[in-house]
Amino acid sequence: QVQLVESGGGLVQAGGSLRLACTRSGRNFTINAMGWFRQFLGKEPQFVAAITWDGGMTTYADSVKGRFTVSRDKSKATMYLQMNSLEPGDTATYYCGVGHAERMIVYSRPAYDYWGQGTHVTVSS
């Protein structure tokens, strides 16, 4: 089994920054990509950002481009999401996922094999 643990969520004022982390543990697992999704209250999770594990190629949702940066540290088996210029509309629970398929569609939830439990981000106005 593969475990993912998110951390770094919390309360921040609008305009502030937070850095989320997602650390993988458990059995060996060939990763193609890891990604971040967020879920607004009462809504379905939506794609935020993703990164391929080997090449470090990144993909972002339009709503976060220029404000969020996804990165990974392979030595720590950890993916990060640096969130700057946060807005109240970014308030959500953020989940990380990991997928192994070679041609996985990183913005599609079914492409991911494992998920973390989520970390909540609240941005106050």
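Numbers given to residues run from 1 along each chain, matching the order in which its sequence is written. Local features are withheld for residues below a pLDDT of 70 in this predicted model, meaning they are given only at 70 or higher, and side-chain atom pairs are given and counted only at 80 or more; totals for whole chains, interfaces and linings count all residues. Values reported for side chains reflect all heavy atoms of the structure, with hydrogen atoms and water molecules removed beforehand.

Colleague: Help me get a handle on the state of the cysteines, residues and values and all.
Modeller: Pairs of cysteine sulfur atoms within 2.5 Å are what we label disulfides. Applying the stated criterion across every chain, the model contains one disulfide. A sulfur-sulfur separation of 2.0 Å characterises the disulfide bridge that pairs C22 with C96. Across the S-S bond linking C22 and C96, the dihedral sits near 65°, which makes this disulfide right-handed. Residue C22 is found in strand β3 (residues 18–26), and its partner C96 is found in strand β9 (residues 92–99); the two are separated by 74 residues along the sequence. The pair formed by C22 and C96 is uniform in burial state, with each residue classed as buried. Each helix is a run of H or I in the DSSP string that is no shorter than four residues. Each strand is a run of E no shorter than two, and both are numbered from the N terminus. Classification of residues uses two cut-offs on accessible area relative to the type maximum, computed with a 1.4 Å probe and protein chains only: under 20% is buried, over 50% is exposed, and between them is partly exposed.

Colleague: An account of the pattern of salt bridges is requested, with residue identities and associated values reported.
Modeller: What makes a salt bridge here is a side-chain nitrogen of Lys or Arg within 4 Å of a carboxyl oxygen of Asp or Glu, nothing more. Tallied over the entire structure, the rule returns six salt bridges. A salt bridge links R109 to E44, with the shortest nitrogen-to-oxygen separation between them at 2.9 Å. Taken together, the residues R109 in the loop between β9 and β10 (114–115) and E44 in the loop between β4 (33–39) and β5 (46–52) connect sequence positions 65 residues apart. Assessed through its relative accessible area of 35%, R109 is described here as partly exposed. With a closest N to O distance of 3.3 Å, K74 and D54 form a salt bridge.

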